[in-house]
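For reference, the chains in residue letters:
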Amino acid sequence: MNDAERDPRTVITEALGMLSLVATRRLYEEQPALWDLGEHGRARTLEDFGHHFRAIAALDEPAFRRHVDYCVSLFDQRGFPRRWLDDAWRTMAGVLRDELPAPAAESALATLDAVTGAGAGGGGG
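We now turn to the structure provided with this report.

Cut-off values and rules
- Residues numbered from 1 in each chain as written.
- Predicted model: local features only at pLDDT ≥ 70, side-chain atom pairs only at ≥ 80, totals over all residues.
- Heavy atoms only, no water.
- Helix = DSSP H or I, 4+ residues; strand = E, 2+ residues; numbered from the N terminus.
- Rg over C-alpha atoms; globule rule 2.2 N^0.38 Å.
- Buried < 20%, exposed > 50% of the residue type's maximum accessible area, 1.4 Å probe, protein only.
- Contact = heavy atoms within 4.5 Å.
- Core = buried A, V, L, I, M, F, W, Y, C linked by side-chain atoms within 4.5 Å.
- 1 Å grid on protein atoms, 1.4 Å probe; cavity = no way out; pocket = protein on both sides within 12 Å on 5 of 7 lines; lining within 4 Å.
- Points joined across faces, edges and corners; volume = space filled by probe spheres on them.
- Nonpolar A, V, L, I, M, F, W, Y, C, P; charged D, E, K, R; others polar.
- Expected span 1.5 Å × (residues − 1).

## Details of the overall build of the chain
Along the backbone of the chain there are six helices and zero strands. For the chain, the α and β elements follow one another from N to C terminus as α-α-α-α-α-α. Its C-alpha atoms give the chain a radius of gyration of 14 Å, near enough to 14 Å, the size a compact globule of 125 residues would have. Seen along its three principal axes, the alpha-carbon backbone of the chain occupies a region of about 45 × 30 × 25 Å. In the chain, which comprises 125 residues, the proportion classed as buried is 42%. Taking all contacts inside the chain whose residues are at least 6 apart in sequence as the whole, residues at least 24 apart take part in 66%.

## Quick notes on the nonpolar core
Core analysis: the biggest nonpolar cluster contains 35 residues, and Leu19, Phe53, Phe64, Trp89, Leu96, Leu100 and Leu112 have the highest contact counts within it. Mapped onto this core, the elements with two or more residues apiece are helix H1 (8-14), helix H2 (16-30), helix H3 (38-57), helix H4 (61-78), helix H5 (82-99) and helix H6 (102-116). With seven residues, H5 is the single largest residue contributor to this core.

## Structural notes on the side chain of Thr91
Within the fold, Thr91 resides in helix H5. Residue Thr91 is classed as buried on the basis of its relative accessible area, which comes to 0%. Once residues within four sequence positions are removed from consideration, Thr91 is found in contact with Ala23, Arg26, Leu27 and Phe49.

## Points about the environment of Arg42
Within the secondary structure, Arg42 is located in helix H3. What makes Arg42 buried here is its relative accessible area of 18%. Measuring from C-alpha to C-alpha, the distance between Arg42 and Ala4 comes to 32 Å, with 38 residues separating the pair along the chain. Excluding residues that lie within four positions of it along the chain, Arg42 makes contacts with Thr24, Arg25, Tyr28 and Trp35.

## Digging into the layout of surface pockets
By volume, the largest pocket amounts to about 660 Å³. Arg44, Thr45, Asp48, Phe75 and Phe80 are the residues nearest the centre of the largest pocket, which is lined by 25 residues in total. Where the lining of the largest pocket is concerned, the elements lending two or more residues are H3, H4 and H5. Among the elements that make up the lining of the largest pocket, the one with the highest residue count is H3 (ten residues). Taken together, the residues that form the lining of the largest pocket break down as twelve nonpolar, seven polar and six charged.

## Focus: H3
Its 20 residues give H3 an end-to-end C-alpha distance of 29 Å, which sits within 8% of 28 Å, the value for a rise of 1.5 Å per residue. Taken together, the buried positions of H3 are occupied by Gly41, Arg42, Thr45, Phe49, Gly50, His52, Phe53, Ala55, Ile56 and Ala57. Among the structural elements, H1, H2, H4, H5 and H6 are those in contact with the buried residues of H3. Looking one or two places after H3, you find Leu59, whose phi comes out positive at around 55°.

By themselves, these observations are geometric and do not establish any function.
In structure tokens form, the structure reads like this:
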């Protein structure tokens, strides 16, 4: 059995750390101004991507929608730009597309797209 034949939830869960790190690196390469937030900011970004990928790993659209709604509420309360979340979803889509076997990527991208609109299309991060 190979990863393409395994349960996509298991494949994604197993890859959480790698996916989070790749997403963080991509976002910081794309937006070097994020370094203005220092190492603490980068550590928080890595942690946040971990939460996002963990939430999507269940491939449960209502649960992922609750996670996204929580993030939006938290960002609004703290006065963070909503663009940061949009950038996270877009970056996640590219990482899922590039780093996972097709069956797992397609399942996760469908969930991501259904909730955020970021899973569609072919553009990577």
